[in-house]
Amino acid sequence: MAGVITTGSFAKALWPGINAWYGVQYSEHKVEYTDLFRTESSDKAYEEEVAVSGFGLAPRKAEATGISYDSAKQLFVKRYTNVTYGLGFIITREMYEDDLYQVVGKQKARSLAFSMRQTKETVGANIFNRAFNSSYTGGDGVELCDTAHPTDGSTFSNIVNPAADLSTAALEQAAIDIMNLKDNRGLRISILPQCLAIPPALSFEAQRILKSSLEHDTGNNAINALNSMNVFPSGVKVNHYFSDTDAWFILTNCPDGLKYFERRGDDFSPGENDFDTENARYKATARYVFGWTDPRAVFGSAGA
């Protein structure tokens, strides 16, 4: 039977004299998806969020003429469909009874918990790993980072174009573009950068760019405006599950952006025995979904 751990799987666990078992006792990164996504609970199979248009600018009203009336409407619908993730393992009764080191039962239970946490981090990070991939679209029909997100009669961009590596100039221009974002009717809104989200490969360069008191990598005796203006008040978020080593993202204060809906947290069910084989089954499941509603929450670059 596939996935069954027998006495042959851990033959050394049946004999005394083993000093150490290694391979699963590694330290784990802190929870990182909470740095990127707003967590909300879910009590349905799916959750939906709907974009709406506001009103445009007020036209001039001539004396004795009637008032102008505007209209509003529903635009795009983003559906978050909860997905179940699960993993388990099976131990024969003989393996459980003869395991001198409790390698299989206790350690594999810890390994199962580790796998479930890693799965959640990976699923969340994939929202960013696929941010420039047109096969993965949001409620408005385009990918997370795109040059032409549709609105009510117009479009907006949340991508560095042309793509650029992480640099002072690229960050400054991205911050300017973010501050110039408009709502679905073209009115100016207060969208501001909050933090820089990067893979580990860019962590040292990000510190040099943002933390130096003077302009980075130039001979100019000029202040570091990114630092002095505190452009990123929430700092730098390094995510170890980002797969692209030169892609970087700015997260903004957009209120309905990146979201994590949890329908059911990690649920562990240990030691359910099969009557005929006497095998013990251990499993873990969770049900959740990651995604985005308003793409103004992110401004990204795939790197040059």
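J.: Tell me about the overall build of the protein, and name the residues and values.
T.: Within the protein one finds five helices and 13 strands. A total of 304 residues make up the protein; the buried ones form 37% of that total. A separation of at least 24 residues holds for 76% of the contacts in the protein among residues at least 6 apart in sequence. Surface summary for the protein: the accessible area is close to 16900 Å², and the carbon and sulfur share equals 51%.

J.: I'd love a proper account of the packing of aromatic side chains, names of residues and values included.
T.: On inspection of all chains with the given rule, the structure shows 13 aromatic pairs. Centroid distance Y260 to Y288: 5.7 Å. Interplanar angle 55 degrees. Geometry classified as tilted. Taken together, the residues span a long stretch of sequence, with Y260 in strand β11 (residues 258-273) and Y288 in strand β12 (residues 280-292) at a distance of 28 residues. In this pair, the class of Y260 matches that of Y288, namely buried. Through pairs of rings, three or more aromatic residues link up here, namely Y33, F37, Y85, F128, F132, F242, F249, Y260, Y288 and F290. A cation sits over an aromatic face here: K78 above W292, 5.2 Å from the ring centre.

J.: Describe the pairing of strand β8 (residues 193-198), listing the residues and the values that go with them.
T.: Within β8, five of the six residues are buried, which leaves it mostly tucked inside the rest of the structure. Of the pairings in the sheet, the one linking β8 to strand β10 (residues 248-252) comprises four bridges and is antiparallel in character. Along β10, the bridge assignment pairs L196 with I250.

J.: So what's going on with helix α3 (residues 168-179)? Which residues, and what values?
T.: For α3, built from twelve residues, the straight-helix expectation of 16 Å at 1.5 Å per residue is met to within 8% by its first-to-last C-alpha distance of 17 Å. What α3 keeps buried is the set T168, A170, L171, A174, A175 and I178. One side of α3 holds all its buried residues, which, seen down the axis, span an arc of 165 degrees. Here the buried face of α3 lies against β8, α4 (203-211), α5 (225-228), β10 and β13 (298-301).

J.: Let's hear about the side chain of E32: which residues, and what values?
T.: Mapped onto the elements, E32 comes out in the loop between β1 (4-5) and β2 (38-41). No salt bridge forms around the buried E32; measuring N to O, its nearest opposite-charge neighbour K30 is 5.3 Å away. Of note is the side chain of E32, whose polar atom sits 2.6 Å from the side chain of H240. If near-sequence neighbours (up to four positions away) are discounted, E32 is found in contact with E121, V238, N239, H240 and Y241.

J.: Provide a residue-level description of the environment of D43, including the pertinent values.
T.: For D43, the position within the fold is in the loop between β2 and β3 (46-52). Of the polar contacts made by the side chain of D43, one reaches the side chain of K44; its length is 3.3 Å.

J.: Which residues make up the sheet that holds β8, and what values go with them?
T.: With mixed pairing, the four strands of this open sheet are ordered in space as β9-β8-β10-β13. Since the sheet does not close on itself, it has two edges, and those belong to β9 (236-238) and β13, each with one partner. Geometrically, the sheet is characterised by an average inter-axis angle of 20 degrees between neighbouring strands, direction not taken into account. Bridging between β8 and β9 involves three bridges; their strand directions are parallel. Bridged to A197 within β9 is K237. Along the sheet, α3 makes contact with β8, β10 and β13, crossing β10 at roughly 35 degrees. Relative to β8, α4 is tilted by about 150 degrees, and along the sheet it contacts β8 and β9.

J.: Which residues make up the pattern of salt bridges, and what values do they have?
T.: Side chains that differ in charge, positive against negative, can pair when their charged atoms come close. Overall, the coordinates contain 16 salt bridges when judged by the stated rule. Between E49 and K259 there is a salt bridge whose closest N-O contact spans 2.6 Å. Here K259 lies in strand β11 and E49 lies in strand β3, a separation of 210 residues in the sequence. On the accessibility criterion, K259 (2% relative accessible area) is buried. Counted as one network, the salt bridges with shared partners bring together R38, E40, E49, D256 and K259.

J.: Before we move on, could you go through α4 and cite the residues and values that matter?
T.: Given 3.6 residues per turn, any residue in an α-helix points the same way as the ones three and four places further on. For α4, the complete set of buried residues consists of S203, A206, I209 and L210. Each buried residue of α4 lies within a common arc of 125 degrees when the element is viewed along its axis, so the set occupies one face. Turned more than 90 degrees off the buried face of α4, the exposed positions are F204 and K211. The elements touched by buried residues of α4 are α3, β8, α5 and β9.

Definitions and limits used
Residues numbered from 1 in each chain as written. Predicted model: local features only at pLDDT ≥ 70, side-chain atom pairs only at ≥ 80, totals over all residues. Heavy atoms only, no water. Helix = DSSP H or I, 4+ residues; strand = E, 2+ residues; numbered from the N terminus. Buried < 20%, exposed > 50% of the residue type's maximum accessible area, 1.4 Å probe, protein only. Contact = heavy atoms within 4.5 Å. Areas by Shrake-Rupley, 256 points an atom, 1.4 Å probe, with all protein chains shown as cover. Phe/Tyr/Trp six-rings, centres within 6.5 Å; stacked < 30°, edge-to-face > 60°. Lys NZ or Arg CZ within 6 Å of the ring centre and 35° of its normal. Pairing = 2+ DSSP bridges. Expected span 1.5 Å × (residues − 1). Arc of directions from axis to C-beta. Lys, Arg positive; Asp, Glu negative; His and termini not counted. Salt bridge = Lys/Arg side-chain N within 4 Å of Asp/Glu carboxyl O. Polar contact = N/O pair within 3.5 Å; in protein donor to acceptor, adjacent residues only side chain to side chain. Axes fitted to C-alpha atoms, helices over the stretch in contact; angles between N-to-C directions.

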